[in-house]
Amino acid sequence: MAAKPQKQDDSKKRKHAPTAGGKSAPKKLKSSTGVPGKVLKKPHKLSTLGDKKQQPKPHIGNDPVDTKRQRRLQAKELAEARKKRRKKHYTLEQELASLWEKMRTRNIAKEERSRLVSDALKKMKGKIPEIASSHVSSRVLQTCVKHCTRDERNAVFVEIRPHFITLASNTYAVHLVTKMLDNASKEQQAEFISSLHGHVAALLRHMVGSLVVEHAYQLGNAAQKQTLLMELYSPELQLFKDLISAKEARLVDVISNLQLQKGSVIRHMTSVLQPILEKGILDHSIIHRALVEYLTIADQSSAADIIQQLSSPDLIRMIHTKDGSKLGIFCIKHGSAKERKKIIKGMKDKVGKIARDKCGALVLVSILSIVDDTKLLTKVIIRELEGILKELLSDQNGRRPLLQLLHPNCSRHFSPDELAALGSSVPSLVTKSPSEVKVALGEETEASGFGEAGKEDSCHTGADATQSSHLNEGGKKDPLTRRQELLVNSGLAEKLIDACCEMAEELIRSNSGKEVIYEVAMGGADSILRPTLDGKLETLHGVIASLAAYPKMEGSDEHLLEHFHSSRTIRKLILDSPSFACTLYEKALKGKCSIWAQGHSAKVVSALLETSSSMVHKLVKKEVQPLVDDGILKLAK
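Residues numbered from 1 in each chain as written. Predicted model: local features only at pLDDT ≥ 70, side-chain atom pairs only at ≥ 80, totals over all residues. Heavy atoms only, no water.

Draft legend 1. Looking closely at the nonpolar core. Of all hydrophobic cores here, the largest spans 166 residues; its most connected members are Met124, Met347, Ile381, Leu529, Ile570, Leu584 and Leu589. By residue number, the principal contributor to this core is helix α18 (residues 285-297), which donates 8 residues. Excluding its chain neighbours within four sequence positions, the residues that come into contact with Leu589 are Leu561, Leu584, Trp596, Val604, Leu608 and Glu623. Within the second largest apolar cluster, 6 residues are counted, among which are Ile329, Val365, Leu419 and Leu422. (Core = buried A, V, L, I, M, F, W, Y, C linked by side-chain atoms within 4.5 Å. Buried < 20%, exposed > 50% of the residue type's maximum accessible area, 1.4 Å probe, protein only. Helix = DSSP H or I, 4+ residues; strand = E, 2+ residues; numbered from the N terminus. Contact = heavy atoms within 4.5 Å.)

Here's what the structure looks like:
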């Protein structure tokens, strides 16, 4: 028993021992009979790949290449046969695809395309509802509807009219329905919207069907929009829709006039809107409108649930519409610090796009006016604004967040409707006075500090101070401290002044940019840029004065003092900023007032005496007063 392990060890040693030549000895296979030294051939199953290649393949009738080709053709024929059995109109679709490839080319003649469209429509006649749900046929139909005659389009409309709801829910047919709506007459649009009666809520819960309802809502007039919305409010309104007029646009008025039970309306709207929110169908304006109306009547618990569900990165998909931006303001105003953080973080790398959007910019303005976490705002929003600062300065919408930081809630920068939206709240979530609840309900369309259109100076006389309380509701930090941290401490103000110096002429000549350069040159409301950035502001004053000092030349661009926008901006700066007035006079107007005493520039010269600064009067009186006495220059009354 002890000898066997020893033999195994010896054999292992002999196995690894090299030969005299430095190479290991070749292996010898034992025969099945056990006779040593006799080597048998390797069995076929152990043969190498090379051996297999060398073995001749059996020849079966035809050449192998032909056999492979035949197999491919047979497989193709089988696939075609299966498709023909599965698809009723497979052959027709093949013919239509061939016609479509020709009619959709760009360089085709109009007459040839009309002929091809007519041929395709003749082939599809009587079968359009059946083939419209096909991936191929749907594309052919869209092209035909786009290029066909009015009579042919009417024939298609008549054929698919009984099947609108079915087609509206199909992934491919939905594009045909929207194309038909785009090219339909007013009567056909009205007929289609009427066919949606009783199906609006169900279609809005459908990812595909919601596209059709939204498309119809966008194309409809006020009365048709109201009809679609009423189906989301209450089952009673579906039965008595004729009792509602287009003037009753608000749900509160509808409930009051028809004496509906508020609780039943809330329950019905909850059952309709909740599945829509759970599925994430948030892009449509009709849903935004329904949510805003729901929040005006919802109790505190229901409203808080909706605000919590909307307070997520998905909110960015909603703020591109008027009602969607109002929902965004509601979420910022009534959401918790955690919910606000989610919304702001969801805006990362999208701030520039949001700022350029008319409705999205209002949400940014609301965030900068309410949120107390200035470190987060600086990291996510301010830094991205700095990267595209020059593009935003002259953009009609992009400049608004900057103007809000420079001069909050100014009626010259925001319309009364926009200020009302910024000040709106959810009634059941408001903790302020009853008068501010009226503002949230929309019963006050104008606040006391909006001012009239002609009173441009109202922003700088403190007329908007009465609005700050409800516009900034939701934030606990002092508004001036928040602005100081976001504008000055973050470094945004310094870069803003540098950009204004570099783009001074472009900004002061543009209708959008002149407001920005004016606010910056003034140092902002409450002198927020002073005294920290006094040196840079003086530099900006010098740049504007240097541009105004250029000589008047014929054939060149209109001079800064004669240009419509720039002359009025410079005049306003003279009236409101004595330091700028002195700099402008010394660098550009001294000894030349008589040259600029006519045209638009005359308003600039006369402003030197109209300003309330005694220092400016003393500096210019000797040169400007004689022009007034001689009747060359007239002062404003």
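Draft legend 2. Representation of the environment of Leu204 within the structure. If you trace the backbone, Leu204 turns up in helix α12 (residues 200-204). We classify Leu204 as buried; its relative accessible area is 0%. The spacing of Leu204 and Glu214 is 10 residues in sequence and 8.5 Å in space, taken between C-alpha atoms. The contact partners of Leu204, leaving out residues within four places of it in the chain, are Ser210, Val213, Leu232, Ile276, Ile281, Ile286 and Ile287.

Draft legend 3. Inspection of the side chain of Glu293 at higher detail. With respect to the helices, strands and loops of the structure, Glu293 is situated in helix α18. At 2.9 Å, the side chain of Glu293 and the backbone nitrogen of Leu251 are in polar contact. Excluding its chain neighbours within four sequence positions, the residues that come into contact with Glu293 are Tyr233, Ala249, Arg250 and Leu251. (Polar contact = N/O pair within 3.5 Å; in protein donor to acceptor, adjacent residues only side chain to side chain.)

Draft legend 4. A look at unusual backbone geometry. Pro531 follows Arg530 through a cis peptide bond whose omega is -5°. Looking at the element boundaries, Pro531 is found in the loop between α33 (513-522) and α34 (534-548). One non-glycine residue, Asp526, lies in the positive phi region at around 60°. Turning to its location among the elements, Asp526 is positioned in the loop between α33 and α34. The phi torsion at Ser527 lies on the positive side, around 50°, for a residue other than glycine. One can find Ser527 in the loop between α33 and α34.

Draft legend 5. Representation of the pattern of salt bridges. In this structure the tally under the stated criterion is 26 salt bridges. Residue Arg161 is joined to Glu191 by a salt bridge in which the shortest nitrogen-to-oxygen separation is 2.6 Å. Of the two residues, Arg161 sits in the loop between α8 (150-160) and α9 (164-168) while Glu191 sits in helix α11 (residues 186-195), which places them 30 residues apart along the sequence. With its nearest N and O atoms 3.4 Å apart, the salt bridge here joins Arg509 to Glu505. (Salt bridge = Lys/Arg side-chain N within 4 Å of Asp/Glu carboxyl O.)

Draft legend 6. Representation of the UniProt feature "repeat: Pumilio" (unreviewed entry) in the protein chain within the structure. Under the UniProt annotation, "repeat: Pumilio" (unreviewed entry) lies at residues 159-194 and 195-231. For residues 159-194, helix accounts for 75% and strand for 0%, while the C-alpha atoms at its two ends are 17 Å apart. End-to-end, the C-alpha atoms of residues 195-231 are 13 Å apart, and along that stretch the chain is 73% helix and 0% strand. (UniProt positions renumbered as here; feature names shortened; annotations may be inferred.)

Draft legend 7. Summary view of the packing of aromatic side chains. One pass over the full model with this rule turns up 2 aromatic pairs. Ring centres of Phe164 and Phe192 lie 4.7 Å apart, and the angle between their planes is 85°; this geometry places the pair in the edge-to-face category. Here Phe164, found in helix α9, pairs with Phe192, found in helix α11; they are 28 residues apart in sequence, far enough to count as distant. An aromatic cluster is defined as three or more aromatic residues linked by ring pairs; in this entry it consists of Phe157, Phe164 and Phe192. One residue, Arg104, lies across the ring of Trp100, its end atom 4.3 Å from the ring centre. Over the face of the ring belonging to Tyr217 we find Lys225, whose NZ or CZ atom lies 5.4 Å from the ring centre. (Phe/Tyr/Trp six-rings, centres within 6.5 Å; stacked < 30°, edge-to-face > 60°. Lys NZ or Arg CZ within 6 Å of the ring centre and 35° of its normal.)

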